[in-house]
Amino acid sequence: MQLMEIPHEKKFFLCDGEVVHNLPELMERLKTMDDGVFQHHVNAERNDFSTWVRDVFMDKKLARELARVKTKESMAKKLFTSQYQ
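Position numbers for residues start from 1 in each chain and track the written sequence from start to end. Only residues with pLDDT of 70 or above have their local features reported here, since the model is predicted, and side-chain atom pairs are shown and tallied only from 80 upward, although totals for entire chains, interfaces and linings are computed over all residues. Each side-chain value is worked out from all heavy atoms of the structure, with water and hydrogens disregarded.

Asker: Describe in detail the environment of Asn 43, supporting the description with residues and values.
Answerer: If you trace the backbone, Asn 43 turns up in the loop between helix H2 (35-41) and helix H3 (48-56). With 28 residues separating them in the primary sequence, Asn 43 and Thr 71 have C-alpha atoms 9.7 Å apart. Side-chain polar atoms of Asn 43 contact the backbone nitrogen of Glu 45, separated by 2.9 Å. Segments assigned H or I by DSSP are reported as helices when at least four residues long, segments assigned E as strands when at least two residues long, and all are numbered from the N terminus. Contacts described as polar in this section are N or O atom pairs within 3.5 Å, which, within protein, must combine one atom able to donate a hydrogen with one able to accept it, while residues neighboring in sequence count only if both atoms come from side chains.

Asker: For the packing of helix H4 (residues 60-68) against helix H5 (residues 72-82), give the residues involved together with the corresponding values.
Answerer: When two helices pack together, their arrangement is given by the angle between the helix axes and by the axis-to-axis distance. Axis lines are fitted through C-alpha atoms, for helices just across the contact stretch, and the angle between N-to-C directions can take any value from 0 to 180 degrees. Packing of H4 against H5 brings their axes to within 9 Å, and their N-to-C directions diverge by 160°. Taken together, the axes of H4 and H5 lie roughly antiparallel to each other. Here the hand of the crossing between H4 and H5 comes out right-handed. Of the residues in H5, those touching H4 at Leu 62, Glu 65 and Leu 66 are Met 75, Lys 78, Leu 79 and Ser 82. Should an angle fall under 35 degrees it is called roughly parallel, over 145 degrees roughly antiparallel, and 65 to 115 degrees roughly perpendicular, with every other angle called oblique. Helix crossings fall into two classes, left-handed where the near helix is turned counterclockwise from the far one by less than a right angle and right-handed where it is turned clockwise. For this analysis, residues touch if any pair of their heavy atoms sits within 4.5 Å.

Right under this line is the structure:
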């Protein structure tokens, strides 16, 4: 799982003002994230988390997997599973 330090400007800024620094933190944040915040970032038009994983962590496989999910729970499971591959 991606624990690498990333520059401040590449961190994920949620629409509620919270900042996500890495993938394990995203996995944890999904557990308590407001549904409206999740739906702002994952909807029919876009999946910001998938884009972030692809562009910042350069993990195209995980980004494709995340692009298919539509719930916080399934995204957290994908992230959890990816750390053991």
